[in-house]
Structure formats: C-alpha cells, structure tokens
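Structural overview
Okay, here's what each chain looks like letter by letter:
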Amino acid sequence: MSCGHPHDTDCSEVLEKVYAYLDGELTADDVAEIRVHLDECSPCLQEYDLDKAIKALVAKHCGCDPVPSDLRSKVLARIAEVRSELAAD
C-alpha cells in the first residue's frame, strides 16, 4: 500500500506497527514517525482508521471477556496473511 509518494518511513513498516501505535506501545520516536507518515499518506491513514474502528468494536463487545494469551499473535498473523494476499493481487 502506498500513495505513490516517497516517505521517510515505508508504508509496510507503518502498517506493521499500527496496532502497537494504537495500544500506546511504541517509543516517542516511533510515534512521531508514524504520525508524520499518516499525515502524508492517505491510504495508510485509511488503514489506521479501519484498524482503530475494529479495535474499538472489539473492545466494546469483548471488553469484559478474558482474552486468550495467544489471541494477539493469531490476529496479527492473520492480518499479515491478508496483506500478503492483497499485495500479491
């Protein structure tokens, strides 16, 4: 995914870190890099908005249930699979 313009931080790198960004798990430098990229790259901003909405929906409907310890890694693995499939198309 790319808007066709060069960026200091590659789109794939931003998208790999978007959930960590949403969860507040990144360093201040990483946060700044991603914020700059999202300000410049409309496709990545749309992906970020979608991921943010999904996270909010899951929190709203599943916030009280215990989460399996391996759920995050399974979800991230599936997201990576879908991105690879989309990139191959």
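See the structure shown above.
This text gives an overview of the structure that appears in the document. Computed from a predicted model, the values in this text were never measured in an experiment.

Next up on the list: the overall build of the chain. Each helix and strand counted, the chain has four helices and zero strands in total. Along the chain, helices (α) and strands (β) appear in the sequence α-α-α-α when read from the amino end. Its C-alpha atoms put the chain at 40 × 35 × 20 Å along the principal axes. A total of 89 residues make up the chain; the buried ones form 22% of that total. Restricting to contacts in the chain with at least 6 residues of sequence separation, those with at least 24 account for 65%. Taken as two groups, the 9 positive and 19 negative side-chain charges of the chain have centres that lie 8 Å from each other.

A separate point is the pattern of salt bridges. Tallying each qualifying case throughout the model produces eleven salt bridges. The partner of Lys55 in a salt bridge is Asp23, and the shortest N-O contact between them spans 2.4 Å. Linking Lys55 in helix H3 (residues 42-62) with Asp23 in the loop between helix H1 (11-22) and helix H2 (28-40), this pair joins segments that are 32 residues apart in sequence. Judged by its relative accessible area of 33%, Lys55 is partly exposed. Overall, Asp23 belongs to the partly exposed group, its relative accessible area being 28%. In this structure, Lys74 and Asp70 form a salt bridge, with 3.1 Å as the shortest nitrogen-oxygen distance. For Lys74, a relative accessible area of 52% puts it in the exposed group. Each of Asp23, Glu25, Lys55 and Arg72 takes part in one network of salt bridges that share partners.

Conventions we followed
Residues numbered from 1 in each chain as written. Predicted model: local features only at pLDDT ≥ 70, side-chain atom pairs only at ≥ 80, totals over all residues. Heavy atoms only, no water. Helix = DSSP H or I, 4+ residues; strand = E, 2+ residues; numbered from the N terminus. Buried < 20%, exposed > 50% of the residue type's maximum accessible area, 1.4 Å probe, protein only. Contact = heavy atoms within 4.5 Å. Lys, Arg positive; Asp, Glu negative; His and termini not counted. Charge placed at Lys NZ, Arg CZ, Asp CG, Glu CD. Salt bridge = Lys/Arg side-chain N within 4 Å of Asp/Glu carboxyl O.

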